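Structural overview
If you want the building blocks of each chain, they are given just below.
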Amino acid sequence: MARVRSRQRLIARLSKKGVADHLRLRAGRPPDGPGPFSEAESRHGHAPTKRAPSTMKRRMLSVVIGLLAVPAAVAAVVASTVWSWNLPTHVPEPRVPADNPMSAVKVELGRRLFYDTRLSGNGTMSCASCHHQSRAFTDGRSLAVGSTGERTHRSALGLANSAWHATYNWANPALVSLEQQMEVPLFGDDPVEMGVNDANRQEILDRLRKDPIYPPLFRQSFPEDSEPLNMATVIKAIAAFERSMVSVDSRYDRYLQGKQALSTSEERGMVLFFGEKAECHHCHGSFNFNDQVVHKKSRLVETLFHNNGLYNVDGKGGYPYPNRGVFESTGKPEDMGAFRAPSLRNVEVTAPYMHDGSVATLEEVIEQYSQGGRVTTTGPNQGDGRLNPHKSGLISRIEFTEQEKLDLLNFLKTLTDEGFLKDPKLSDPWEQTR
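Every value quoted in this text rests on a predicted model; they were computed, and no experiment measured them. (Residues numbered from 1 in each chain as written. Predicted model: local features only at pLDDT ≥ 70, side-chain atom pairs only at ≥ 80, totals over all residues. Heavy atoms only, no water.)

Turning our eyes to something else, we now look at the overall build of the protein. Scanning the protein for helices and strands turns up 17 helices and two strands. Relative to its 434 residues, the protein shows a buried fraction of 52%. (Helix = DSSP H or I, 4+ residues; strand = E, 2+ residues; numbered from the N terminus. Buried < 20%, exposed > 50% of the residue type's maximum accessible area, 1.4 Å probe, protein only.)

If you want it as structure tokens, here you go:
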């Protein structure tokens, strides 16, 4: 009853003041005129457009209907159209596709879809099944498992700060947006992940339409669409939610802002990391600790992939099928074993490591780089990765001391963003109803 009364008060307030005035106030504009853009709107391109009076009336009515249809806890979000990144000064604003601008309501919609098992073909799996918040949106498995129980070829990448990635997945230069990437787990059939196909697509959309919370959220998120609940808008909403997964408040970030000190060991590890002995920064030197970064003001975007000497199964540089890196799409020998360098943010909680999850701990990762590659002595994948002819020139024997290994490990742990791992805005909204 309290929630009903709260919703009634909100609708009454909207009716008394006028929906248009309410939205103007939320956007930081005066109620009696268009006024200047708010700072957030100027940054994100939310410029007002002139509409015919009938169009505006329909839009206002849509807002009221939407607020009546959703729970009170979501009603305030539904009324909000402005999005603000709230980034520290050392982090640039990400680039957002012009056809999928950010808004608070769209992010909320995407959050619900991200955690909804009804989005999979057999209704058993959600995006969150392979991307757990407590693990920085990885799943702790060597290889992810799809909705039919089939193992994928690679481990689930973390989603933190994916708004700034230049490409997606481990080794696909052609996937350059989150919207494109979403099609892989949704529709892919080798292996099957979410299991959406032409035969069940309409059934899945019907499941969403039957939940009273979804239609109004879709209408508010995509007001220009005559039929806003469709698979294309599902993808856009989830992509918007994934862009909202911002992790920039680790101890290292606070250190950069002068808010927190690092220990002596952590500082030594930082010097190693960014120095020429360890050379970690060549592949992990950006604010996001990777080397494929794109932001709002980017002009030249590099899409680098690296062979780090993990395998050498035939003595000629071969990697085990079907995980052979960019070579799978180009067929070029020099692309054998070339994979994207993942972000090291929250790396402490994203084990196991590498594209196939074959390295169990951070200590093993540091040891592998100390040796300039990995030697596999038994099994079908045996070989000396240190001698891989396609290995990056940046990967060579370093032979860290035990103290240097510990210092590097301690520094990497400063990249853990505890608030991100527990942020309620990124959590499962359906948890209490299950």
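Going through the model one piece at a time under the given rule, you end up with 22 aromatic pairs. Taken together, a centroid distance of 5.5 Å and an interplanar angle of 80 degrees make the contact between Trp164 and Phe287 edge-to-face. Here the residue Trp164 occupies a position in the loop between helix 6 (104–114) and helix 7 (178–187), and Phe287 occupies one in the loop between helix 13 (281–284) and helix 14 (327–330), the gap between them amounting to 123 residues. Relative to Phe411, the ring of Tyr252 has its centre 5.6 Å away and its plane inclined at 90 degrees; by these criteria the two rings are edge-to-face. Note that Tyr252 is positioned in helix 11 (residues 251–256) and Phe411 in helix 16 (residues 402–413), a separation of 159 residues in sequence. Take Tyr252: its relative accessible area is 9%, and that puts it in the buried class. Look at Phe411 and you get buried, because its relative accessible area is 0%. Ring-pair connections join several aromatic residues into one group, and the members of that group are Tyr252, Tyr255, Phe273, Phe274, Phe289 and Phe411. (Phe/Tyr/Trp six-rings, centres within 6.5 Å; stacked < 30°, edge-to-face > 60°.)

Here the focus is the nonpolar core. The nonpolar side chains of a soluble globular protein tend to be buried, and buried together. Counting residues in each nonpolar core, the largest one holds 45 residues, and the members touching the most others are Leu113, Phe114, Tyr214 and Val234. Counting residues per element, the ones that place at least two in this core are helix 6, helix 7, helix 8 (201–210), helix 9 (214–221), helix 10 (231–243) and helix 17 (418–422). Tallying contributions element by element places helix 10 first for this core, with seven residues. Judged by nonpolar contacts, the second largest core, of 35 residues, contains Trp170, Ala171, Tyr319 and Phe327. (Core = buried A, V, L, I, M, F, W, Y, C linked by side-chain atoms within 4.5 Å.)

Residues of helix 7 that are buried: Leu178, Glu179, Gln181, Met182, Pro185 and Leu186. For helix 7, the buried positions fall inside an angular range of 155 degrees around the axis, keeping them on one side. (Arc of directions from axis to C-beta.)

Here the protein shows a mean pLDDT of 86. Residues at 70 or above account for 81%. Throughout residues 1–53 the model reports pLDDT below 50, and contacts reaching past four residues in sequence, or to other chains, amount to 69 contacts. (pLDDT = per-residue confidence, 0-100. Contact = heavy atoms within 4.5 Å.)

Moving on: the pattern of salt bridges. Oppositely charged side chains can pair when the atoms bearing their charge come close. Scanning the entire structure with this criterion turns up 20 salt bridges. Here Asp384 and Arg386 are joined by a salt bridge, their closest N and O atoms 2.9 Å apart. We classify Asp384 as buried; its relative accessible area is 19%. One salt bridge connects Asp423 with Lys425, and the closest N-O pair in it is separated by 3.3 Å. Among the charged side chains, a salt-bridge network with shared partners connects Glu108, Arg111 and Arg112. (Salt bridge = Lys/Arg side-chain N within 4 Å of Asp/Glu carboxyl O.)

Further remarks concern helix 16. With twelve residues, helix 16 should reach 16 Å at 1.5 Å per residue; the first-to-last C-alpha distance of 17 Å fits that figure. Among the residues of helix 16, those classed as buried are Glu404, Lys405, Asp407, Leu408, Leu409, Phe411 and Leu412. (Expected span 1.5 Å × (residues − 1).)

Turning our attention to unusual backbone geometry. Residue Pro191 is bonded to the preceding Asp190 through a cis peptide linkage, with omega at 5 degrees. Within the fold, Pro191 resides in the loop between helix 7 and helix 8. In this structure, Phe137 takes a positive phi of about 65 degrees despite not being glycine. Looking at Phe137, the relative accessible area reads 0%, which means it is buried.

This part covers the packing of helix 6 against helix 10. Where helix 6 contacts helix 10, the axes come no closer than 7 Å and their chain directions differ by 100 degrees. One finds that helix 6 runs roughly perpendicular with respect to helix 10. Of helix 10, the residues touching helix 6 (which contributes Lys106, Val107, Leu109, Gly110, Arg111, Leu113 and Phe114) are Val234, Lys236, Ala237, Ile238, Ala240, Phe241 and Glu242. (Axes fitted to C-alpha atoms, helices over the stretch in contact; angles between N-to-C directions. Parallel < 35°, antiparallel > 145°, perpendicular 65-115°, else oblique.)

Once that is clear, we can look at the environment of Arg118. With respect to the element layout, Arg118 can be found in the loop between helix 6 and helix 7. Assessed through its relative accessible area of 24%, Arg118 is described here as partly exposed. For Arg118, the residues in contact, after removing those within four places along its chain, are Ile204, Arg207, Asp211, Tyr214 and Trp430. Within the local environment of Arg118, its side chain forms a polar contact with the side chain of Asp211, the two groups lying 2.9 Å apart. (Polar contact = N/O pair within 3.5 Å; in protein donor to acceptor, adjacent residues only side chain to side chain.)

As for its position among the elements, Ser396 is in the loop between strand 2 (383–384) and helix 16. Relative accessible area serves as the criterion here: at 34%, Ser396 is assigned to the partly exposed category. Counting along the chain gives 24 residues from Ser396 to Gly372, while the straight-line C-alpha distance between them is 4.2 Å. Apart from the residues lying within four places of it in its own chain, the contact partners of Ser396 are Tyr369 and Gly372.

All right, on to the side chain of Asp139 then. The residue Asp139 is located in the loop between helix 6 and helix 7 in this model. Buried and unpaired, Asp139 has Arg141 as its nearest opposite-charge partner, separated by 4.2 Å. Apart from the residues lying within four places of it in its own chain, the contact partners of Asp139 are Ser129, Cys130, His132, Ala144 and Ala156. (Lys, Arg positive; Asp, Glu negative; His and termini not counted.)

The next point concerns the state of the cysteines. On inspection of all chains with the given rule, the structure shows zero disulfides. Cys130 supplies the cysteine sulfur nearest to Cys127, a cysteine that is in no disulfide, at a spacing of 9.0 Å. Note on Cys283: no disulfide assigned, nearest cysteine sulfur contributed by Cys280 at a separation of 9.1 Å. Judged by its relative accessible area of 13%, Cys283 is buried. (Disulfide = S-S within 2.5 Å.)

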